[in-house]
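These are the residues of each chain, in order.
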Amino acid sequence: MLRSVGARKRDISRVFNAETIIVGLAAGVLGVGITYVITYPVNLLIQKFADIPNIANLSPVHAIYLILGSTLLTLIAGVFPSRMAAAKDPVEALRNE
């Protein structure tokens, strides 16, 4: 659609890459947030059944690594579709629904 209104191939690739970065960042932050929320109940259950205190723990450094890893993986996964979308002819892309 963007190509039909005059966007260059480079612009299409940038839009796709920006979308994949946003999706990866959101997925990483959501995953780390859910992990922090369930850490306390999991620790209580493990301590109740196995008498091991505070076994479930996620350090902030590892949380940042997980977010960066999620973002990087989605960026890598979006490279090929962005190239394919940028290479399409605008007339053919709009003709095929």
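One can find the structure itself at the top, above this paragraph.
Only a predicted model underlies this, so the values are computations on that prediction, with no experimental measurement involved.

The rules we used
- Residues numbered from 1 in each chain as written.
- Predicted model: local features only at pLDDT ≥ 70, side-chain atom pairs only at ≥ 80, totals over all residues.
- Heavy atoms only, no water.
- Helix = DSSP H or I, 4+ residues; strand = E, 2+ residues; numbered from the N terminus.
- Buried < 20%, exposed > 50% of the residue type's maximum accessible area, 1.4 Å probe, protein only.
- Contact = heavy atoms within 4.5 Å.
- Areas by Shrake-Rupley, 256 points an atom, 1.4 Å probe, with all protein chains shown as cover.

Colleague: Any chance you could explain the overall build of the protein chain here in plain terms?
Modeller: A count of helical and extended segments in the protein chain gives three helices and zero strands. Each helix and strand of the protein chain, placed in order from N terminus to C terminus, yields the pattern α-α-α. When burial is assessed residue by residue, the protein chain has 19% of its 97 residues classed as buried. Contacts spanning at least 24 positions in sequence make up 70% of the contacts within the protein chain whose residues lie at least 6 apart. About 7400 Å² of surface is accessible on the protein chain, with carbon and sulfur atoms providing 70% of the total.

Colleague: Please explain the environment of Ala56 as it appears in this structure.
Modeller: With respect to the helices and strands, the residue Ala56 is situated in the loop between helix 1 (9-50) and helix 2 (60-87). Look at Ala56 and you get partly exposed, because its relative accessible area is 21%. Separated by 17 residues in the primary sequence, Ala56 and Thr39 have C-alpha atoms spaced 6.0 Å apart. Among residues more than four places away in sequence, those in contact with Ala56 are Thr39, Val42 and Asn43.

By themselves, these figures tell us nothing about what the structure is for.
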